[in-house]
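Chains, contacts and geometry: an overview
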Amino acid sequence: MENFVECIIAGGPQHGLVYRRPLDTARPTPLAVVTDDGELCTPAARKYGSRVVLLHPRATGAQFLTILAA
């Protein structure tokens, strides 16, 4: 059985996008994603076990709090 981590983007053009990423324990890679505007979103918080919030560099506090509250 393959494990997955769910990533939620806070801010930027893909604000609110949720996607599943395979979790490879043999070759771990950092959780990060480049959005449509070319900015790198990095982990900012973990929600409900395997859900991770990725923060866009220009995300507002309100956008971040909205994702945390959802």
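Values in this document were obtained by computation on a predicted structure and should not be read as measured data.

Our focus in this paragraph is the nonpolar core. In this structure, Val5, Cys7, Ile9, Cys41, Val52 and Leu54 together form the largest nonpolar core, which totals six residues. Examining the composition of this core, we find that three residues originate from one element, strand S1 (residues 4–10), more than from any other. If we ignore the near neighbours within four places in the chain, the residues touching Cys7 are Leu17, Val18, Tyr19, Leu31, Val52 and Leu54.

Let us look at the pairing of S1. Taken across its seven residues, S1 has five buried, putting it largely inside the fold. One ladder, built from five bridges, connects S1 with strand S2 (residues 18–22); its direction is antiparallel. Bridging across to S2, Val5 finds its partner in Arg21. As paired strands, S1 and strand S5 (residues 51–55) are joined by five bridges and run parallel to one another. Across the sheet, the residue bridging to Ala10 is Leu55, located in S5.

Here we come to the confidence of the model for the protein. A residue-level look at the protein finds 97% of positions with pLDDT of 70 or above and a mean pLDDT of 88. Across the protein, the secondary-structure element scoring lowest on mean pLDDT is S2, at 88, and the one scoring highest is helix H1 (residues 61–69), at 93.

A full pass over the atoms with the stated rule returns zero aromatic pairs. Residue placement shows Arg20 over the ring face of Phe4; its charged tip is 4.2 Å from the ring centre.

Moving on, we get to the environment of Arg21. The residue Arg21 is located in strand S2 in this model. For Arg21, a relative accessible area of 18% puts it in the buried group. Sequence-wise, Arg21 and Leu40 are 19 residues apart; in three dimensions their C-alpha atoms are separated by 16 Å. Discounting residues that sit within four places of it in the chain, Arg21 has contacts with Asn3, Phe4, Val5, Thr29, Pro30, Leu31 and Ala32.

What counts, and at which threshold
- Residues numbered from 1 in each chain as written.
- Predicted model: local features only at pLDDT ≥ 70, side-chain atom pairs only at ≥ 80, totals over all residues.
- Heavy atoms only, no water.
- Core = buried A, V, L, I, M, F, W, Y, C linked by side-chain atoms within 4.5 Å.
- Buried < 20%, exposed > 50% of the residue type's maximum accessible area, 1.4 Å probe, protein only.
- Helix = DSSP H or I, 4+ residues; strand = E, 2+ residues; numbered from the N terminus.
- Contact = heavy atoms within 4.5 Å.
- Pairing = 2+ DSSP bridges.
- pLDDT = per-residue confidence, 0-100.
- Phe/Tyr/Trp six-rings, centres within 6.5 Å; stacked < 30°, edge-to-face > 60°.
- Lys NZ or Arg CZ within 6 Å of the ring centre and 35° of its normal.

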